[in-house]
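# Topology and contacts: notes
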Amino acid sequence: MKIWRMMLACILLVPAASAAQASYGSGKNPTFTIEATRLVLNMRVTLTGKPACNSSSRLVADIRTEAGKSFLDILNAAKQAGLSVRAEGTNTCTLLSNAEDLRSLKLSGVPF
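Residues numbered from 1 in each chain as written. Predicted model: local features only at pLDDT ≥ 70, side-chain atom pairs only at ≥ 80, totals over all residues. Heavy atoms only, no water.

### Observations concerning the nonpolar core
A general trend in soluble globular proteins is that nonpolar side chains are found buried together. Counting 16 residues, the largest nonpolar core has Leu41, Met43, Leu59, Val85, Ala87, Leu102 and Leu105 as its most contacted members. Counting residues per element, this core draws most heavily on helix 2 (residues 66–81), which supplies five residues. Setting aside residues no more than four positions away along its own chain, alanine 87 makes contact with Ser23, Tyr24, Gly25, Leu41, Met43, Leu59, Leu102, Ser104 and Leu105. (Core = buried A, V, L, I, M, F, W, Y, C linked by side-chain atoms within 4.5 Å. Buried < 20%, exposed > 50% of the residue type's maximum accessible area, 1.4 Å probe, protein only. Helix = DSSP H or I, 4+ residues; strand = E, 2+ residues; numbered from the N terminus. Contact = heavy atoms within 4.5 Å.)

This is the structure:
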């Protein structure tokens with residue numbers, strides 16, 4: 001059942017904010033940590049189009065929200081399957097002053 005929840009989250013891409021130009025990057029085996037109520041994602045690649053506020057080149061989501069829980073599911077699924085992940089930010093840094101809020105994640109190799 002959990003795999004279906006992860007796949008549904010992947011299909012929906014979990015849009016969480018604006019569509020303005022923002023950071024994006026793709027990579028295999030991104031690292032992530034849970035800090036209090038936040039998922040902090042390091043893609044381990046150079047992010048393209050990041051705003052000035054994102055001085056750490058990280059993306060962050062609130063794991064208390066449905067979107068944040070889905071992001072965590074997607075990252076765990078990618079890690080288990082060895083898939084690359086594409087992440088996009090919102091062009092704002094509201095959850096952490098030096099990391100951009102996460103807008104969407106997409107697994108490579110999954111048809112949409």
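Structure shown, so let's carry the discussion forward.
### Some thoughts on the state of the cysteines
Under the counting rule described, the total for this entry stands at one disulfide. Covalent S-S linkage joins cysteine 53 and cysteine 93, the inter-sulfur distance amounting to 2.1 Å. Taking the torsion about the S-S bond as the criterion, the cysteine 53 to cysteine 93 disulfide, at about 75 degrees, is right-handed. Here cysteine 53 is found in the loop between strand 3 (38–42) and strand 4 (59–62), whereas its partner cysteine 93 is found in the loop between strand 5 (84–89) and strand 6 (100–107), with 40 residues between them in sequence. For cysteine 53, a relative accessible area of 29% gives the class partly exposed. (Disulfide = S-S within 2.5 Å.)

### Focus: the side chain of glutamate 100
By the secondary structure assignment, glutamate 100 is in strand 6. This buried residue, glutamate 100, is left without a salt bridge; arginine 103 holds the nearest opposite charge, at 7.7 Å. In this structure the side chain of glutamate 100 is engaged in a polar contact, spanning 3.5 Å, whose partner is the side chain of asparagine 54. (Lys, Arg positive; Asp, Glu negative; His and termini not counted. Salt bridge = Lys/Arg side-chain N within 4 Å of Asp/Glu carboxyl O. Polar contact = N/O pair within 3.5 Å; in protein donor to acceptor, adjacent residues only side chain to side chain.)

### Some points on the confidence of the model for the protein chain
Confidence along the protein chain averages 83 in pLDDT terms, with 79% of residues attaining 70 or more. In this model residues 6–19 is a low-confidence stretch, pLDDT under 50, and it forms 31 contacts with partners more than four residues away in sequence or in other chains. (pLDDT = per-residue confidence, 0-100.)

### With respect to the environment of glycine 25
Examined against the element boundaries, glycine 25 turns out to sit in strand 1 (residues 24–28). What makes glycine 25 buried here is its relative accessible area of 6%. Taking the C-alpha atoms as reference points, glycine 25 and threonine 48, 23 residues apart in sequence, are found 6.3 Å from one another. Once residues within four sequence positions are removed from consideration, glycine 25 is found in contact with Met43, Val45, Leu47, Val85, Arg86 and Ala87.

### A closer look at the sheet that holds strand 3
Spatial ordering of the open sheet is given by 1-5-6-4-3-2, a layout of six strands whose pairing is mixed. Every other strand in the sheet has two partners, leaving strand 1 and strand 2 (31–35) as the edge strands with one partner each. Going across the sheet, the axis of each strand differs from the next one's by a mean of 35 degrees, ignoring polarity. Pairing of strand 4 with strand 6, which is carried by two bridges, proceeds in the parallel orientation. Considered in strand 6, the bridge of leucine 59 is made with glutamate 100. Along the sheet, helix 2 makes contact with strand 2, strand 3, strand 4, strand 5 and strand 6, crossing strand 6 at roughly 45 degrees. (Pairing = 2+ DSSP bridges. Axes fitted to C-alpha atoms, helices over the stretch in contact; angles between N-to-C directions.)

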